[in-house]
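# What the coordinates show
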Amino acid sequence: MNFELSAEHQSIREAVQDLCSRFPESYWLERDADGEFPHDFYRAMGDAGWLGTAIPEEYGGSGLGVQEAAIMMQTIAESGACLSGCSTVHINVFGLMPVAVFGTEEQKRRMLPPIARGEVKACFGVTEPNTGLNTTKLKTRAVRRGDKYVVHGQKVWISTAQVADKILLLARTTPLEELEPGRQSAGLTLFYTDLDRSKIDVRLIEKMGRKCVDSNELFIDGLEIPVEHRIGEEGQGFKYILHGMNPERVLLAAEAVGVGRVALRKAAEYARERIVFDRPIGQNQAIQHPLAENWIELEAAQLLTMKAAWLYDNGRECGADANAAKYFAAEAGFRACERAVLTHGGMGYSKEFHVERYMREIMIPRIAPVSRELILSYIAERVLGMPKSY
């Protein structure tokens, strides 16, 4: 059992660190203020080949695994880019895995290389306002008419839709009332198609953090999707998106560890340098001990995260591990960010010192893509054998 980064993993970390150094925290502070999408960071990641990290080599990517993607995303977050930097490229890294796994050869060759090169931007249209995490009850309707589907419905919390060219869309092709009880997921179909703004009204959601990577409500009225833009079989879309859920949880966990680490680094630096009563505040155990606890928690979160990534890459069952990593890393990252603000005292409330931005952004992995409570329910049922509570 070896806990050291391999030479390949270390080279990935160093290369991503080098790229991120061109986008210092002042850059992300500006994006947090003006809300402008980080187009130049996105282009830089594309030019360096990082957007296609997990896309197979034959379709323009690097063909690497979740371990490598997790190292990359953690390094981005740890640079001070936090969730703003990670969310800029998140869908490119693993969002189109349903296409890579279930798409036709023609679809893979048409759809994947532009994403890997950063020539197009995409968004992921699943969540709806009246269903939340109960994905099998989605109501957005896609009706087949000849060689196309016509879609009507609504989506919410759709990231990057303001700048996206494409949308990976999950819609209902069989009405709920026509399905047998317990078979609701069988009526959902996955599409990857153009985000036609004449048929999709994209409305920005003003939010707490990550201002430069937009979140939106989508109102879809008569969107026409050619049959050749359907991924896999009709009615199997829910199964296809499940394929990417565990990697998504691992990546969110890695990002949370990264945010926690940069917050801890800032707090420790400030505690060493801030002099009060003729001594550094870091000389006081009331400052030292909470920061030491943060370090311990982040190390444990890192181990959980990389174990889950290793299990996935080696074809092992990893549902419980991926969920546990996402849960624990988000909590550890949050506690580190909170402690960083408190260590800075009044200056922790100032944008100048960045830690308040970390605090706002670390809320994302605590909430998305699945709540803490549902993760605990999953562990209780699937690992501990307890009866379902909902």
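What comes next is a walk through the structure. Predicted model only: the values in this text are computed from it and were never measured.

### Side note on the side chain of Thr135
Among the structural elements, Thr135 can be located in the loop between strand S1 (122-125) and strand S2 (141-145). If we ignore the near neighbours within four places in the chain, the residues touching Thr135 are Val126, Leu170, Leu188, Phe238 and Ile241.

### Describing the pattern of salt bridges
Applying the stated criterion across every chain yields a total of 23 salt bridges. Put simply, Glu78 and Arg13 hold a salt bridge, and the shortest N to O gap is 3.2 Å. Of the two residues, Glu78 is situated in helix H4 (residues 66-95) and Arg13 in helix H1 (residues 7-20); the sequence distance between them amounts to 65 residues. Residue classification places Glu78 among the buried residues on the basis of a relative accessible area of 13%. Overall, Arg13 belongs to the buried group, its relative accessible area being 16%. Note that Lys307 is salt-bridged to Asp321, the shortest N-O span being 3.2 Å. Note that Lys307 is positioned in helix H9 (residues 285-313) and Asp321 in helix H10 (residues 319-344), a separation of 14 residues in sequence. Overall, Lys307 belongs to the partly exposed group, its relative accessible area being 45%. A residue is classified by how much of its surface remains accessible, and Asp321, at 18% relative accessible area, is buried. Residues joined in a network through salt bridges with shared partners are Arg13, Glu78, Arg261 and Glu299.

### Here's the deal with the packing of aromatic side chains
Per the counting criterion, the structure on display carries 8 aromatic pairs. Ring centres of Phe102 and Tyr240 lie 4.3 Å apart, and the angle between their planes is 25°; on these two criteria the pair is classed as stacked. Of the two residues, Phe102 is situated in helix H5 (residues 97-102) and Tyr240 in helix H7 (residues 237-242); the sequence distance between them amounts to 138 residues. Assessed through its relative accessible area of 26%, Phe102 is described here as partly exposed. The residue whose ring lies beneath Arg31 is Tyr27, and the NZ or CZ to ring-centre distance is 4.9 Å. A cation over a ring is seen here: Arg203 above Phe219, with NZ or CZ 4.1 Å from the ring centre.

### Digging into the nonpolar core
Phe41, Met45, Ile76 and Tyr192 are the most contacted members of the largest nonpolar core, which totals 91 residues. Among the elements that take part in this core, H4 stands out by supplying 16 residues, more than any other. Not counting residues up to four positions away in its chain, the partners in contact with Ile76 are Val16, Cys20, Phe41, Met45, Ala81, Cys82, Gly85, Cys86 and Val89. Membership of the second largest hydrophobic core comes to 19 residues, among which are Ile158, Ile220, Leu223 and Val227.

### Topic: the state of the cysteines
Enumeration according to the criterion identifies 0 disulfides in this entry. Summary of cysteine pairing: Cys20 is not part of a disulfide, and the nearest cysteine sulfur, belonging to Cys86, is at 8.3 Å. Lacking any disulfide linkage, Cys123 is separated from the closest cysteine sulfur, that of Cys212, by 16 Å. For Cys123, a relative accessible area of 1% corresponds to the buried category.

### Some details on unusual backbone geometry
For residues besides glycine, phi is generally negative; the peptide bonds are generally trans as well. Each neighbour pair has its own omega, and for Ala368 with Pro369 the value is -5°, a cis peptide bond. By the secondary structure assignment, Pro369 is in the loop between helix H12 (363-367) and helix H13 (372-383). The backbone of Cys82 sits at a positive phi, close to 55°, despite the residue not being glycine. Summarising the element assignment, Cys82 is placed in helix H4. Classification of Cys82 as buried rests on a relative accessible area of 0%. The phi dihedral of Asp278 is positive, around 65°, even though this residue is not glycine. Looking at the element boundaries, Asp278 is found in the loop between strand S9 (275-276) and strand S10 (279-280).

### Overview of the side chain of Glu331
The topology assignment puts Glu331 in helix H10. Excluding its chain neighbours within four sequence positions, the residues that come into contact with Glu331 are Arg366 and Arg372.

### Describing a nonpolar patch on the surface
On the surface, Met1, Phe3 and Leu303 cluster together into a nonpolar patch covering about 460 Å² of accessible area. With respect to the helices and strands, Leu303 occurs in helix H9.

What counts and what doesn't
Residues numbered from 1 in each chain as written. Predicted model: local features only at pLDDT ≥ 70, side-chain atom pairs only at ≥ 80, totals over all residues. Heavy atoms only, no water. Helix = DSSP H or I, 4+ residues; strand = E, 2+ residues; numbered from the N terminus. Contact = heavy atoms within 4.5 Å. Salt bridge = Lys/Arg side-chain N within 4 Å of Asp/Glu carboxyl O. Buried < 20%, exposed > 50% of the residue type's maximum accessible area, 1.4 Å probe, protein only. Phe/Tyr/Trp six-rings, centres within 6.5 Å; stacked < 30°, edge-to-face > 60°. Lys NZ or Arg CZ within 6 Å of the ring centre and 35° of its normal. Core = buried A, V, L, I, M, F, W, Y, C linked by side-chain atoms within 4.5 Å. Disulfide = S-S within 2.5 Å. Patch = residues over 30% accessible without salt bridge, like charges linked within 9 Å, V, L, I, M, F, W, Y side chains within 5 Å. Areas by Shrake-Rupley, 256 points an atom, 1.4 Å probe, with all protein chains shown as cover.

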